Amino acid sequence: MSQHRAAASRVTPGKAATAARKTGAGRHSGKHRVARRNTPSSTQVVGLTAALAAAAGAVGFSHSALANPTSANSAVNIAALSIGDGQMNALTTARIERRQLATRDSSRVELAGADLTKKQAAADRISKARAAKLDATRALTAKRATALANAKAKAELAEKTARESATRCEMMISGYHITAGFGQAGGRWARNHTGTDFAAPIGTPIRSVMKGVVVSAEFAGPYGRQVRVRHEDGTETWYNHMSKFSVSVGETVYAGDQVGAVGVTGNTTGPHLHFEVRPNGGDPIDPMPWLRNHCGLNP
């Protein structure tokens, strides 16, 4: 018996080492096979994260530790030691992907903000351009209105100046025909005719031939209703046989202003205007040459 135990104890060192290496190699290769089989894929990231959290809980990852960032990080680091290299690599990859996703989302938000800023700037430019165009239109409208007002005022002044001109002349009557001339003899007058007769319907307006001042507006015997106008050169024009007066003594009249209307008052056989021209208020002259030469009129 003692010999058998001695023989059993006398195992050669070389054989023992060989057996140990075989046993270790077996275990080592088995571990590698297990590691290859347990390498997690990308679809197992959520499970790995849960495993890490569970491991952290196993080492005392309490609410008080969460309140302290340093303690929390330490707990996570301790929990990380309890998982394999493959799981740790997968977890790291998942974290990186989440960070990249967050970065892309942030970039999208920044791009959207930049696009909104550009659109707002473009809208502001359009608004400013429209406002400037509106201001320019208003300024142009105001300029045109001013120009029109100035032109109108200028035209009115020119018209007023022309109307008030002492040399402007207008025909005394319209729609007439001449029935008697200057110097004509006949039984109707006590002496030769002292003017020109312009026959027209009763009520036809009679106008001043030139600018002047009314020096008389009264009934004058055979002349009937008579208006006398003295012009700036002293010449007087007489308007006779009128049915009414349209002016009064002392009034200034201009060429074309109505002084009365055709009638049959005084010594007359029908409605007409008896028109006389008397230089400086003296003796009468033939009205026809005076109208042509002095006024440019051709009755």
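Draft legend 1. Region of interest: the nonpolar core. Grouped together as the largest cluster of nonpolar side chains are 26 residues, with contacts concentrated most on M172, F198, V209, Y239, L273 and F275. If one sorts the elements of this core by residue count, helix α7 (residues 287-295) sits on top with four residues.

Draft legend 2. Structural context of the state of the cysteines. Scanning the model with the defined rule gives one disulfide in all. One disulfide in the model links C169 with C295; its S-S distance is 2.5 Å. The S-S bond linking C169 to C295 shows a torsion near -55°; that makes this disulfide left-handed. Linking C169 in the loop between α6 (85-163) and β1 (177-180) with C295 in helix α7, this pair joins segments that are 126 residues apart in sequence. Taking the relative accessible area as the measure of exposure, C169 reaches 14% and is therefore buried. Owing to a relative accessible area of 14%, C295 belongs among the buried residues under this scheme.

Draft legend 3. Inspection of the packing of aromatic side chains at higher detail. Taken as a whole and assessed by the stated rule, the structure comprises three aromatic pairs. Look at Y223 and W238: their rings are 5.7 Å apart centre to centre, the planes differ by 85°, and that puts the pair in the edge-to-face class. In this pair, Y223 sits in the loop between β4 (212-219) and β5 (225-231) while W238 sits in strand β6 (residues 236-245), placing the two residues 15 residues apart along the sequence. Classification of W238 as buried rests on a relative accessible area of 7%. The side chain of R278 reaches across the aromatic face of W238, ending 4.0 Å from its centre.

Draft legend 4. Representation of the pattern of salt bridges within the structure. Considering all chains together, one arrives at six salt bridges under this definition. A salt bridge links R230 to E236; the shortest N-O distance between them is 2.9 Å. According to the relative accessible area criterion, R230 is partly exposed, its value standing at 41%. Judged by relative accessible area, E236 falls into the buried class, the value being 6%.

Thresholds, definitions, all that
- Residues numbered from 1 in each chain as written.
- Predicted model: local features only at pLDDT ≥ 70, side-chain atom pairs only at ≥ 80, totals over all residues.
- Heavy atoms only, no water.
- Core = buried A, V, L, I, M, F, W, Y, C linked by side-chain atoms within 4.5 Å.
- Buried < 20%, exposed > 50% of the residue type's maximum accessible area, 1.4 Å probe, protein only.
- Helix = DSSP H or I, 4+ residues; strand = E, 2+ residues; numbered from the N terminus.
- Disulfide = S-S within 2.5 Å.
- Phe/Tyr/Trp six-rings, centres within 6.5 Å; stacked < 30°, edge-to-face > 60°.
- Lys NZ or Arg CZ within 6 Å of the ring centre and 35° of its normal.
- Salt bridge = Lys/Arg side-chain N within 4 Å of Asp/Glu carboxyl O.

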